[in-house]
Amino acid sequence: PTITVRADLKGDAQGPDVYTVQLELELEGRLDPAILESSLQAVVGRHASLRAGFRHEQLSRPVQVVVARAAVPWRLIDLSGLDAAGQQRELSALVEADRLERFDLAVPPLMRFALIRLAADRHRLLISNHHLLMDGWSAPILVRELLEVYARHGSAASLPRVTPYRDYLTFIARQDRAAGLAAWREALAGLEEGTRLAPRHAGREPLAPEQIVLSVDPMLSASLNRAAREQALTLNTVMQTAWGILLGRLSGRDDVVFGVTVAGRPAELAGVEHMVGLFINTLPLRLQLRPELPLSALLQQTQDSQSRLMAHQHLGLAEIQQAAGVGDLFDTLLVFENYPVDRAGLAAAGLGTAGNGLKLGQVHGRDATHYPLALIVQPGETLQLRLDYRPDLFDAATVEVIGRRLIRLLEAAVADAGQPLGSLPILEAAERDTILRSWNDTAQPVPALTLPALFAAQAARTPDAVAVVFEDRTLSYAALDAHANRLAHHLQSLGVG
């Protein structure tokens, strides 16, 4: 089957590829590297998506090429002879070097594995892949299958049949493209321009993003979940609405658009929730922010509009932007990481029935996007807000302020969802005092003189400076003073007192 490679995933031949995704697993207990390697190969062999390459040279459109077999690159690295500090330094260097190593998209597999030995019973498994192979939903599926196959000494025979990725492509091909484009044109009708926060950066080399992570207070996190349930809303809707309101304040616009990442897994396709591959899609979300509109009404509007467009989420962003006819629609992205098995769940999972005492510890994920500013929301008992930003376009202090303002909007949503949008607070007390008081503290002492006396003093100080300009005529202070005196004497001669 052939698919169109979305432009935002092609990467750039220069600089780091931000779409290199890393997953680092802490493995505790005795481990057999040979069985682990064969387990990895068995899992990759199960999923056609993981054996794919992408070619475009001398072709009318890019194609996905799936090979029958793909030997996954595998490295064993022994750091057990170093002390803890030395291990951490070497491990950090290895991870960073791996992140910078680019994949050749035409040569599958676009993934590699490294097993790093820290002690006889402590290892790190580094899984790296290009984002074209799979999305964040797929990562827990891949890891769980790997653990189950390892527990069975490298055999995948007991795992259920994989729904072929071809079935998904066939499903997409059957969708009504014309109806989808019509729905998106209606959703974006009347939009005058896209919403951009970052300065234009055409021609700049891509940079790996930096991150700021803010933790939402557990009480506020619980209140947000409770408030969403009470209004029959998803937490995703609440976050999308708050982000849109914040964009409106930051851009000075009442009609904003930003990108949202959707799972892209159609419920109609049997087994899709267990498939490994790239299903996600980035789509525009538009909010019209009338100041008098209650927040509760906007929340409902956001959820309703997303529900109406759900059947048309398979269309590509390039098609939608062309249909909207206003060029690039956004430069910010919101990702709500609501995976069926989260990282905490993976970390708590054992290795099934192996009986060898090997356990999975912490799981660390590293990924990024090419957008100048992206908000990644990780739900849980403590809501995590990760802000990825390009350091050449934003500074850390500005991004942190943006994050804090978003949290204040969330606090306002919990306190009173009936508030009009125009009255929602985003400034902290110090910011508000600066804007309303410090910047407006412009009082200056003025001498107790009449206006003519003040003018006469200025004319004496700068007689040749320009005082009045009208069309093509210019008068200096001295000339204006002379004209004023002549007019005054003339008026006196007419009896004006």
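Draft legend 1. Molecular detail of the overall build of the chain. When helices and strands are counted, the chain shows 14 helices and 15 strands. Since a compact globule built from 497 residues should have a radius of gyration of about 23 Å, the 31 Å found for the chain marks it as more spread out than a globular shape. Of all intrachain contacts in the chain linking residues separated by at least 6 positions in sequence, the fraction that spans at least 24 positions is 74%. Of the roughly 25,300 Å² that the chain leaves accessible, carbon and sulfur atoms contribute 53%.

Draft legend 2. How the structure looks around the sheet that holds strand β6 (residues 122-130). What the five strands build is an open sheet, ordered β4-β5-β6-β1-β11; its pairing is mixed. Each end of this open sheet is capped by a strand with a single partner; those strands are β4 (74-78) and β11 (359-366). Ignoring strand direction, the axes of neighbouring strands in this sheet form an average angle of 15 degrees. Relative to strand β5 (residues 111-119), β4 runs parallel, the two being bridged by five bridges. The residue of β5 that forms the bridge with Asp-78 is Arg-117.

Draft legend 3. Local environment of the environment of Ala-396. You can see Ala-396 is positioned in helix α11 (residues 396-415). The class for Ala-396 is partly exposed, based on a relative accessible area of 36%. With residues near it in sequence (within four places) discarded, Ala-396 still touches Ile-212 and Tyr-389.

Draft legend 4. Region of interest: the packing of aromatic side chains. This model, assessed by the stated rule, comprises five aromatic pairs. Here the aromatic rings of Tyr-165 and Tyr-168 are separated by 5.3 Å at their centres, their planes lie at 40 degrees, and the arrangement is tilted. Here the residue Tyr-165 and the residue Tyr-168 both occupy positions in helix α4 (residues 165-173), the gap between them amounting to three residues, near one helical turn. Tyr-168 carries the same exposure label as Tyr-165, and that label is buried. One aromatic cluster is present, formed by Tyr-165, Tyr-168 and Phe-279 through successive ring pairs. In this structure, Arg-112 is placed above the aromatic ring of Phe-103, and the distance from its NZ or CZ to the ring centre is 4.2 Å.

Draft legend 5. Broad picture of the confidence of the model for the chain. Mean pLDDT over the chain: 89, with 92% of residues reaching 70 or higher. Below a pLDDT of 50 lies the segment residues 341-345, which in the model reaches eight contacts outside its immediate sequence neighbourhood of four places, other chains included. Note that pLDDT drops below 50 for residues 347-355; the model gives that stretch 14 contacts with residues more than four away or on any other chain.

Draft legend 6. Representation of the pattern of salt bridges in the model. As enumerated under the stated definition, the model contains 20 salt bridges in all. Between Glu-101 and Arg-112 there is a salt bridge, and its shortest N-O distance comes to 4.0 Å. Taken together, the residues span a long stretch of sequence, with Glu-101 in the loop between α2 (84-100) and β5 and Arg-112 in strand β5 at a distance of 11 residues. Glu-292 is the partner of Arg-290 in a salt bridge, and the nearest nitrogen-oxygen pair spans 3.1 Å. Look at Arg-290 and you get partly exposed, because its relative accessible area is 42%. Among the charged side chains, a network of salt bridges with common partners joins Glu-24, Glu-26, Arg-124 and Arg-366.

Draft legend 7. Fine view of the sheet that holds strand β9 (residues 281-288). The strand order across the open sheet formed by six strands is β7-β13-β12-β10-β8-β9, and the pairing between neighbours is mixed. Of all strands in the sheet, those bounded by a partner on one side alone are β7 (210-215) and β9. Shown here is a sheet whose adjacent strand axes are inclined to one another by a mean of 25 degrees, direction ignored.

Draft legend 8. Spotlight on the packing of helix α1 (residues 33-46) against helix α3 (residues 138-151). As a packed pair, α1 and α3 sit with axes 9 Å apart at the nearest point and diverge in direction by 130 degrees. It follows from the interaxial angle that α1 and α3 lie oblique. Classified by chirality, the crossing of α3 by α1 is right-handed. Here Ile-35, Leu-36, Ser-39, Leu-40, Ala-42, Val-43 and Arg-46 of α1 lie close against α3, whose contacting residues are Leu-142, Glu-145, Leu-146, Val-149 and Tyr-150. A per-class count over the contact of α1 with α3 returns nine nonpolar, one polar and two charged.

Draft legend 9. Structural view of a nonpolar patch on the surface. Residues Val-446, Leu-449, Leu-451 and Leu-454 make up a contiguous nonpolar surface patch of about 410 Å² in total accessible area. Relative to the assigned elements, Leu-449 resides in the loop between α12 (429-438) and α13 (451-461).

Quick notes on the rules
Residues numbered from 1 in each chain as written. Predicted model: local features only at pLDDT ≥ 70, side-chain atom pairs only at ≥ 80, totals over all residues. Heavy atoms only, no water. Helix = DSSP H or I, 4+ residues; strand = E, 2+ residues; numbered from the N terminus. Rg over C-alpha atoms; globule rule 2.2 N^0.38 Å. Contact = heavy atoms within 4.5 Å. Areas by Shrake-Rupley, 256 points an atom, 1.4 Å probe, with all protein chains shown as cover. Pairing = 2+ DSSP bridges. Axes fitted to C-alpha atoms, helices over the stretch in contact; angles between N-to-C directions. Buried < 20%, exposed > 50% of the residue type's maximum accessible area, 1.4 Å probe, protein only. Phe/Tyr/Trp six-rings, centres within 6.5 Å; stacked < 30°, edge-to-face > 60°. Lys NZ or Arg CZ within 6 Å of the ring centre and 35° of its normal. pLDDT = per-residue confidence, 0-100. Salt bridge = Lys/Arg side-chain N within 4 Å of Asp/Glu carboxyl O. Parallel < 35°, antiparallel > 145°, perpendicular 65-115°, else oblique. Left-handed = near helix turned anticlockwise from the far one by under 90°. Nonpolar A, V, L, I, M, F, W, Y, C, P; charged D, E, K, R; others polar. Patch = residues over 30% accessible without salt bridge, like charges linked within 9 Å, V, L, I, M, F, W, Y side chains within 5 Å.

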